[in-house]
Amino acid sequence: MLIWTATDFEEPGGFYWNPQSPPGVSPGYRCYPFFADRVARLKLQFAPNNQKLLIVGCGYGYLVDLALQADYDAWGCDASEWAVAQAQIVLPASSAARVLLGDATSSTSLAAVKTAAGLQDNQKFAVLM
C-alpha cells in the first residue's frame with residue numbers, strides 16, 4: 001500500500017516519484033507490467049466493441065495506450081497538468097491525443113472530456129476504469 005502526504009505533492013511530479021520506494025521497486029512512474037494484466041482482465045468482462053472507455057486518473061496514459069492497442073476506444077483524464085504533459089512525451093502521438101486534462105470531481109471538466117471523446121448530449125462512456 002502506498003501512502004502519500006501533502007509534502008509529496010509540493011512539486012509538480014511529486015506524486016509520480018517516491019524516493020522511499022521499497023527495495024526492488026523503481027521510484028519513478030512507468031508502464032508497470034500489471035497494467036497489461038488490467039487490460040487483459042477488462043477484455044474478459046467487456047470485450048472491445050466500439051464502446052468508449054474512460055480511464056480516470058490515468059497519469060501518463062499508459063493504460064490508455066494499452067487499451068487502444070487492445071482495440072478499445074479508450075480515453076483518459078487526469079487532474080494533473082504535469083502528468084498530461086508527460087503523456088505527450090512518453091506516448092505515441094495517437095495515444096497522447098486521448099489523454100486529457102480533466103478532474104473527475106467536476107461535472108464541467110468531465111463534460112469537456114466527453115465532448116473531446118465525441119460523446120454528445122446524453123451519451124455516456126460505456127466503461128469507466
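Quick look at the structure, then. (Residues numbered from 1 in each chain as written. Predicted model: local features only at pLDDT ≥ 70, side-chain atom pairs only at ≥ 80, totals over all residues. Heavy atoms only, no water.)

1. Focus on the pattern of salt bridges
So, step 1. This model, assessed by the stated rule, comprises two salt bridges.
So, step 2. For Asp73, the salt bridge identified is with Lys52, shortest N-O distance 2.7 Å. Taken as a pair, Asp73 in strand E2 (residues 73–78) and Lys52 in strand E1 (residues 52–56) lie far apart in primary sequence, 21 residues in all. Like Lys52, Asp73 is buried.
So, step 3. Salt-bridge contacts for Asp73 lead to Arg98; the nearest nitrogen and oxygen are separated by 2.7 Å. With Asp73 in strand E2 and Arg98 in the loop between helix H4 (93–96) and strand E3 (99–101), this pair connects stretches of sequence that are 25 residues apart.
So, step 4. The class for Asp73 is buried, based on a relative accessible area of 17%. (Salt bridge = Lys/Arg side-chain N within 4 Å of Asp/Glu carboxyl O. Helix = DSSP H or I, 4+ residues; strand = E, 2+ residues; numbered from the N terminus. Buried < 20%, exposed > 50% of the residue type's maximum accessible area, 1.4 Å probe, protein only.)

2. Re the pairing of E1
So, step 1. Judged by how many residues are buried, E1 sits mostly within the fold: four of five residues are covered.
So, step 2. Pairing geometry for E1 and E2, over five bridges, is parallel. Note that in E2 the partner of Leu53 across the bridge is Ala74.
So, step 3. With helix H2 (residues 62–69) bridging E1 and the parallel E2, this β-α-β connection has right-handed handedness.
So, step 4. Examined bridge by bridge, E1 and strand E4 (residues 127–128) share two bridges and lie parallel to one another. Residue pairing in the sheet places Leu53 in a bridge with Val127 of E4. (Pairing = 2+ DSSP bridges. Right-handed = clockwise from strand over helix to strand, strands pointing away.)

3. Considering H2
Residues lying three or four places apart along an α-helix face the same way, a consequence of the helix completing one turn every 3.6 residues.
So, step 1. Within H2, six of the eight residues are buried, which leaves it mostly tucked inside the rest of the structure.
So, step 2. Of all the residues in H2, the buried ones are Tyr62, Leu63, Val64, Asp65, Leu66 and Ala67.
So, step 3. The inward-facing, buried residues of H2 contact helix H1 (33–45), E1, E2, helix H3 (81–90), H4 and E3.
So, step 4. Among the residues trailing H2, Asp71 stands out with phi positive, at a value near 75 degrees. (Contact = heavy atoms within 4.5 Å.)

4. A closer look at unusual backbone geometry
So, step 1. Even without being glycine, Asp71 reaches a positive phi, approximately 75 degrees.
So, step 2. Tracing the backbone through its elements, the reader meets Asp71 in the loop between H2 and E2.
So, step 3. You can call Asp71 exposed: its relative accessible area is 60%.
So, step 4. Located in the positive-phi region is Asp121, a residue other than glycine, with phi close to 45 degrees.
So, step 5. Following the sequence through the fold, Asp121 ends up in the loop between helix H5 (107–116) and E4.

5. A short note on the packing of aromatic side chains
So, step 1. Per the counting criterion, the structure on display carries nine aromatic pairs.
So, step 2. Between Tyr32 and Phe35, the aromatic rings sit 5.5 Å apart at their centres with planes inclined by 80 degrees, giving edge-to-face as the arrangement. A single burial state applies to Tyr32 and to Phe35, both of which are buried.
So, step 3. Between the aromatic rings of Tyr60 and Trp82, the centroid separation amounts to 6.0 Å while the plane-to-plane angle is 65 degrees, which identifies the pairing as edge-to-face. In this pair, Tyr60 is assigned in the loop between E1 and H2 and Trp82 in helix H3, connecting sequence segments 22 residues apart.
So, step 4. With a relative accessible area of 7%, Tyr60 lands in the buried category.
So, step 5. Here the aromatic cluster, defined as three or more aromatic residues joined through ring pairs, consists of Tyr29, Tyr32, Phe34, Phe35, Tyr60, Tyr62 and Trp82. (Phe/Tyr/Trp six-rings, centres within 6.5 Å; stacked < 30°, edge-to-face > 60°.)

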